[in-house]
Structure formats: C-alpha cells, structure tokens
Amino acid sequence: MTKSEPTPAKKVFIKTWGCQMNVYDSERMTDVLRPLGYGVTDTPDDADLMVLNTCHIREKAEEKVYSDLGRLREIKETRAEAGLSTTIAVAGCVAQAQGAEIMRRQPAVDLVVGPQAYHQLPELIARAHRASGERLAADFRPNEKFDALPAQRTPSGVTAYLTVQEGCDKFCTFCVVPYTRGGEYSRPVQAILDEAKSLADQGVREVTLLGQNVNAYAGGLANLVRRIAEIPGLDRIRYTTSHPSDMDDELIAAHAEIPELMPFLHLPVQSGSDRILKAMNRRHTAESYVRLIEKIRAARPDIALSGDFIVGFPGESDRDFQATLALMREVTYASAFSFKYSRRPGTPASAMPGQVPEPLKEERLAELNQLLDDQQRAFNTAQTGRTLDVLIERPGRHPGQIAGRSPYLQAVHLDGPESLIGNIVPVRIEAAAKMSLAGILFPPARREGGSARSDETGGPLGHSPTLAALRPVPPDKREGEILA
Ligand code: 5AD
Ligand code: SF4
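Residues numbered from 1 in each chain as written. Chains lettered and ligands numbered in written order. Predicted model: local features only at pLDDT ≥ 70, side-chain atom pairs only at ≥ 80, totals over all residues. Heavy atoms only, no water.

*Asks:* I would appreciate a short explanation of the overall build of the chain in the present structure.
*Replies:* Counting secondary structure elements, the chain contains 14 helices and 19 strands. When burial is assessed residue by residue, the chain has 53% of its 484 residues classed as buried. For the chain, restricting intrachain contacts to residue pairs at least 6 apart in sequence, the fraction spanning at least 24 positions comes to 72%. Total accessible area on the chain stands at roughly 21,500 Å², and carbon and sulfur atoms take up 53% of it. (Helix = DSSP H or I, 4+ residues; strand = E, 2+ residues; numbered from the N terminus. Buried < 20%, exposed > 50% of the residue type's maximum accessible area, 1.4 Å probe, protein only. Contact = heavy atoms within 4.5 Å. Areas by Shrake-Rupley, 256 points an atom, 1.4 Å probe, with all protein chains shown as cover.)

Okay, here's the thing in structure tokens:
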C-alpha cells in the first residue's frame, strides 16, 4: 500500500463462483470499493461487506448460494451482537435471475445486483449506508472544480450566497458528490429566512440560493423563493445548481410570476446523447431536456440559460459527441461550463470500458468551447442598445468606473460614482465582449446635484434617500426587459 492510500476503514469479503467474467467483475468490484473505504479480506468474519458473486451455469448453483448465505447470516448476527454492522450483497447471474426471490428467502441479504454489478455497487453501498444512518468512509481526492459549492462567505458586498440544500441522491456515474456529501438535505425554511433577513439588514440586495441539487429543496424551491422575495431589500434572487428532473411546474411558473427571481438558469445537461446520458445515470434524455427548456422559455422567454457539459465520457463516440453539439445548437446557451471527463476512482464510470484517450477529449472540448464562445458572444451582443437593470456591486477597474451585473448575470461596466454601489440602476448597453458588457447610466440626466456622490448618508451600501430616485422601484416584471 502506498503512502497516499489510507488504511481501509472497512473490509469486504468477496466469494466468486464460475467463469473468468465473474473473476474479472470481482476484481472491478474491489477497485470501485477501495475509494469507498473498503480493503479486501479473505475471511467473512471480519468483513463489513460480504459479496457473493454468483454463477448460474453449474447445477445446484442456487442451493449453494443459499447455504452460503445461511452461513453469512450467522456471522452477521454474531457481529451484530458485538455492535458491528454487516452488509450482505448477492451479485452475478443468480442475482440477475432471482433478485426478489433471494431477498425474500434470505432476509439477511441487503442488496442484490445483476452481472454488471460493479457499476451499480458504489451507489447501492452508499444507499445501504445511508439507510442504516452510517457514514461512508469515502476516500475521494478533493477536486474543487467538480465537487464544491461556491465558498460560503459573509457578505462583503451587495450580493451573497445562501446555502439552502446539500448533498445529492442522483448518483450520476461520473460524480463523487453523493459519496462525499451524502444524501439530499434541505435546511429548514425558517433558518433560511432568518439568514436571508440578516443578509438584507447588512445591505445585501441579491442572494443566490445554493445547493448541489437546489431545485430538489424539500417543500419546493418555488415556495422558498416566494418567501425570500417578500423580504424588503432583497430584490434579486438566483439559485444554483439544478437537476432537470427536479425542475417542476411550480418552479417554472415562479420564473414567470416572481419578479425578484432573475431570468437566469443553470441547468446542467452533461451530454446530448441518450446512450451516454443513460450510462451517466442522468434520468433524462436529450429530448426531455429540450422539451423542458421549451417549457421554461414559454414561461420566461428572455431567460438566459447556462449548463454543464462533459466531453469524453467512457464510450463516447463521435456520433455521441455530435449529438451534444446538436443539443447545444438547439438550446443555445448564454454561458456554460465544459469539462473533460475525469476518472474518479470509486465512481461507477471509472470502471467502465471505452475510456476516451486524452487527446480526443482535448479535441472535443476545444470544438465544444468554440460553439459555446460563439453563443455567449451572440447572447451578449444581442443586449447592445437595450437598457438593463444593473445591480452595481463594486468599483470598476479604472477610476470613475463601477461594475455590476445584469439580470442575466452578465458583468456590466460603466462610468459612475461609487456611491451607486448597492443600487439597481438602468444602464444602456453600448458594447459587448465575450465576458462582459459596457454601458452608460440611463437616463444620465437623472443624477441629482450632478453627482449621486452628494449624498453619503446611506453609507457604503448606498441605501440613501437621494439615491432612491435612481433606484427603480423594486424590480417588477420589467426586470431584464427593454426599459428605454
Ligand atoms: N469529470 C468531468 N466532469 C465532472 N463533473 C463532475 N464530475 C466530473 C467528472 N468526473 C462536472 C459535471 C457537473 C459539474 C459540477 O462538474 O458537469 O455538473
Ligand atoms: Fe453529481 Fe449533480 Fe449528478 Fe448529483 S446530480 S450526482 S451532484 S452531477
């Protein structure tokens, strides 16, 4: 064992019957289980997890499995008396043929998995651990890029993140989050409202509700957004990140009905190929995603869409990749994140055949990014000539400049006094680049006394009476539409 591999916290005992295929599968199982904290043992007595990898070929195979299970049950009971929990799994062909029957005949069995066992094993083990309230001793190397929510921060400005949900029950086969962060958990509404009020009291005007599956918020994200929208001062609400299968009708309707809910949605799709989506365990097809987007756009036609894409998932062919490009063309995104598939040991995809060579991943990523860049530029360019409500967040890079965000989350730079920070002001967009917009305060003549700086009483966050003139009435349905 190398130094970087910690001593396994748990032990797995695997008994393998039959063909070479089963021997291979058993090896893959130990591979995917290692990062979940399991080391191999060849005695069932000290095993926290016992796997019988069965074979159907020989006669009486089933009876042998049942007699072994009887023995394992006794060990499980002895261990239980010593306060140790044990998971018994049946894999392989017998499991495939008689899944339900096995669980019925031998209730000590916790899970049954078919011959493609090792692909599902991490998910099933993690679920079994959750069911028994145990923590999985997962050993996943941290990779902030994929796994982390944006860092929680005390508001230093006028925008803030607010965690409302953590964890994930989806088990996409490439992802470590369900293992590292555990199951979906939603914070109580009142705790969130209290925090949101306190943020508003500190001058925050915009909150982004955070969660690995934020739209799976228990009790409905739409309801939560509605309650937060009632808090005086909080004029902008966003949320990230969402799973397509939790995008319910109420939340879609909220985009049409709640003016504080900004017209921006990050809705990862990962791939445009149904074959790959299935291997990813995404629970949606390209078609169902596109239909969903149509529904969302019917509710909020100007919504800016963002997404996550993975290129080079195991088994991704040229055709699959073309399907991803086609989906991107059909949906058209305002921005998006794109990733090369990265093998995370312990996740089901890491043990899948057909791993894509690195240079091919690079090539596909470059092609995808080219299309994304074009779409992002086009989306930004389409804003020129429009007047957008911009929440001024900070001084700009040059003296006399300030910067903020449009309803569509675009960075906007303009000339203006720093005292405008914390205000939502109309800005006429004059120029667009890939990452940002430039504009002018509109209408410029509205500034009182020639400069909004003349009133400092509102403090750095600018809740001043004078500036109220500049601040459009709390955003109504106009938000994001042409004001001029
Ligand atoms: N390889 C590549 N991309 C990944 N993501 C998560 N895990 C992986 C991985 N193993 C991406 C997905 C997800 C985003 C947060 O990170 O696109 O939506
Ligand atoms: Fe990971 Fe998101 Fe899939 Fe959950 S829904 S497994 S967090 S990619």
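*Asks:* Even after reading the chapter, I still don't get the site of ligand 1, so can you show me in this structure?
*Replies:* The environment of ligand 1 is made up of Phe 146, Phe 174, Gln 270, Asp 308, Ile 310, Phe 339, Lys 340, Tyr 341, Ser 342 and Arg 344. In this structure, a nitrogen atom belonging to ligand 1 sits 3.0 Å away from a main-chain N or O atom of Phe 174. Here Ser 342 contributes a backbone N or O atom positioned 2.8 Å from a nitrogen atom of ligand 1. Protein burial of ligand 1: of its 400 Å² of free accessible surface, 89% is covered by the chains. For the shell around ligand 1, the secondary structure elements donating two or more residues are strand 13 (308-311) and strand 14 (337-340). (Near = heavy atom within 4 Å. Polar contact = N/O pair within 3.5 Å; in protein donor to acceptor, adjacent residues only side chain to side chain.)

*Asks:* Got a minute to help me understand the packing of helix 12 (residues 318-331) against helix 13 (residues 358-381) in this structure?
*Replies:* Close contact between helix 12 and helix 13 brings their axes to 11 Å; oriented N to C, the two are set at 10 degrees. It follows from the interaxial angle that helix 12 and helix 13 lie roughly parallel. Residues Asp 318, Phe 321, Gln 322, Thr 324, Leu 325, Met 328 and Arg 329 of helix 12 pack against Arg 364, Glu 367, Leu 368, Leu 371, Leu 372 and Gln 375 of helix 13. Residue composition of the contact of helix 12 with helix 13, by class: six nonpolar, three polar and four charged. (Axes fitted to C-alpha atoms, helices over the stretch in contact; angles between N-to-C directions. Parallel < 35°, antiparallel > 145°, perpendicular 65-115°, else oblique. Nonpolar A, V, L, I, M, F, W, Y, C, P; charged D, E, K, R; others polar.)

*Asks:* What is the right way to look at the packing of aromatic side chains in this model?
*Replies:* The geometry of an aromatic ring pair is captured by the separation of the ring centres together with the interplanar angle, meaning the angle of the planes. What the rule picks out here adds up to five aromatic pairs. A centroid spacing of 6.4 Å and a plane angle of 85 degrees characterise the contact between Phe 174 and Phe 313, whose relative ring orientation is edge-to-face. Note that Phe 174 is positioned in the loop between strand 7 (165-166) and helix 6 (177-180) and Phe 313 in the loop between strand 13 and helix 12, a separation of 139 residues in sequence. Relative to Tyr 341, the ring of Phe 313 has its centre 5.5 Å away and its plane inclined at 70 degrees; by these criteria the two rings are edge-to-face. Residue Phe 313 is found in the loop between strand 13 and helix 12, and its partner Tyr 341 is found in the loop between strand 14 and helix 13; the two are separated by 28 residues along the sequence. Comparing Phe 313 with Tyr 341 shows no difference in burial state: the two are buried. Clustering of aromatic rings is evident, with ring pairs tying together Phe 174, Phe 313 and Tyr 341. Its end group placed over the ring of Tyr 24, Arg 28 keeps NZ or CZ at 4.7 Å from the ring centre. If you follow Arg 105 out to its NZ or CZ, it ends over the ring of Tyr 66, 3.7 Å from the centre. (Phe/Tyr/Trp six-rings, centres within 6.5 Å; stacked < 30°, edge-to-face > 60°. Lys NZ or Arg CZ within 6 Å of the ring centre and 35° of its normal.)

*Asks:* I tried to follow the site of ligand 2 on my own but got confused; where do I start?
*Replies:* As a structural note, the neighbourhood of ligand 2 is formed by Cys 168, Lys 170, Phe 171, Cys 172, Phe 174, Cys 175, Val 177, Pro 178, Asn 213, His 243 and Arg 282. For the shell around ligand 2, the per-class residue count stands at seven nonpolar, two polar and two charged.

*Asks:* Would you mind showing me how to read the pairing of strand 13 here?
*Replies:* Regular strands have side chains that alternate between both faces of the sheet. Alternating residues of strand 13 divide into Asp 308 and Ile 310 and Phe 309 and Val 311, and every residue in both groups is buried. Of the pairings in the sheet, the one linking strand 13 to strand 14 comprises four bridges and is parallel in character. The residue of strand 14 that forms the bridge with Asp 308 is Phe 337. (Pairing = 2+ DSSP bridges.)

*Asks:* I'm lost on the side chain of Thr 54 in this one. Help?
*Replies:* Here Thr 54 lies in strand 3 (residues 49-54). Setting aside anything within four residues of it in sequence, one finds Thr 54 in contact with Trp 17, Asn 22, Val 65, Val 90, Ala 91, Gly 92, Cys 93, Val 94 and Ala 95.

*Asks:* Would you take a moment to explain unusual backbone geometry for this structure?
*Replies:* Note the cis peptide between Thr 240 and Thr 241, where omega equals 0 degrees. Within the fold, Thr 241 resides in the loop between strand 10 (236-240) and helix 9 (249-257). Phi angles above zero are rare outside glycine, and Gln 270 is one such case at about 75 degrees. Examined against the element boundaries, Gln 270 turns out to sit in the loop between strand 11 (264-266) and helix 10 (274-279).

*Asks:* What's the story with the sheet that holds strand 10 in this structure? I'm lost.
*Replies:* Pairing between the strands of a sheet is mediated by backbone hydrogen bonds and can be parallel or antiparallel. If you walk across this open sheet you meet the three strands as 6-9-10, and the pairing is parallel. Both edges of this open sheet fall to strand 6 (159-163) and strand 10, since each of them pairs with a single strand only. For this sheet, the mean inter-axis angle between neighbouring strands, taken without regard to orientation, is 25 degrees. Judged from the five bridges that link them, strand 9 (residues 206-210) and strand 10 form a sheet pairing that is parallel. Counterpart to Thr 208 in the pairing with strand 10 is Arg 238. Across the face of the sheet, helix 7 (residues 189-201) comes into contact with strand 6 and strand 9 while running at roughly 165 degrees to strand 6.

*Asks:* Looking at this structure, I do not really get the nonpolar core. What am I missing?
*Replies:* Generally speaking, soluble globular proteins have nonpolar side chains that are buried together. Of all hydrophobic cores here, the largest spans 66 residues; its most connected members are Leu 209, Ile 228 and Tyr 333. Sequence-distant contacts of Tyr 333, defined by excluding residues within four places in its chain, comprise Val 269, Tyr 289, Leu 305, Ser 306, Gly 307, Phe 309, Leu 327, Met 328, Leu 372, Gln 375 and Gln 376. Tyr 38, Tyr 118, Ala 126 and Phe 171 belong to the second-largest nonpolar core, a separate cluster that totals 22 residues. (Core = buried A, V, L, I, M, F, W, Y, C linked by side-chain atoms within 4.5 Å.)

*Asks:* What should I look at first to understand helix 13 in this one?
*Replies:* Side chains three or four residues apart in an α-helix point the same way, a direct result of the helix having 3.6 residues per turn. Taking 1.5 Å per residue as the helical rise, helix 13 with its 24 residues ought to reach 34 Å, and the 34 Å between its terminal C-alpha atoms agrees with that figure. Among the residues making up helix 13, those that are buried are Lys 361, Arg 364, Leu 365, Leu 368, Leu 371, Leu 372, Gln 375, Gln 376, Phe 379 and Asn 380. For helix 13, the secondary structure elements touched by its buried residues are strand 12 (304-306), strand 13, helix 12, strand 14, strand 18 (424-432) and strand 19 (436-441). (Expected span 1.5 Å × (residues − 1).)

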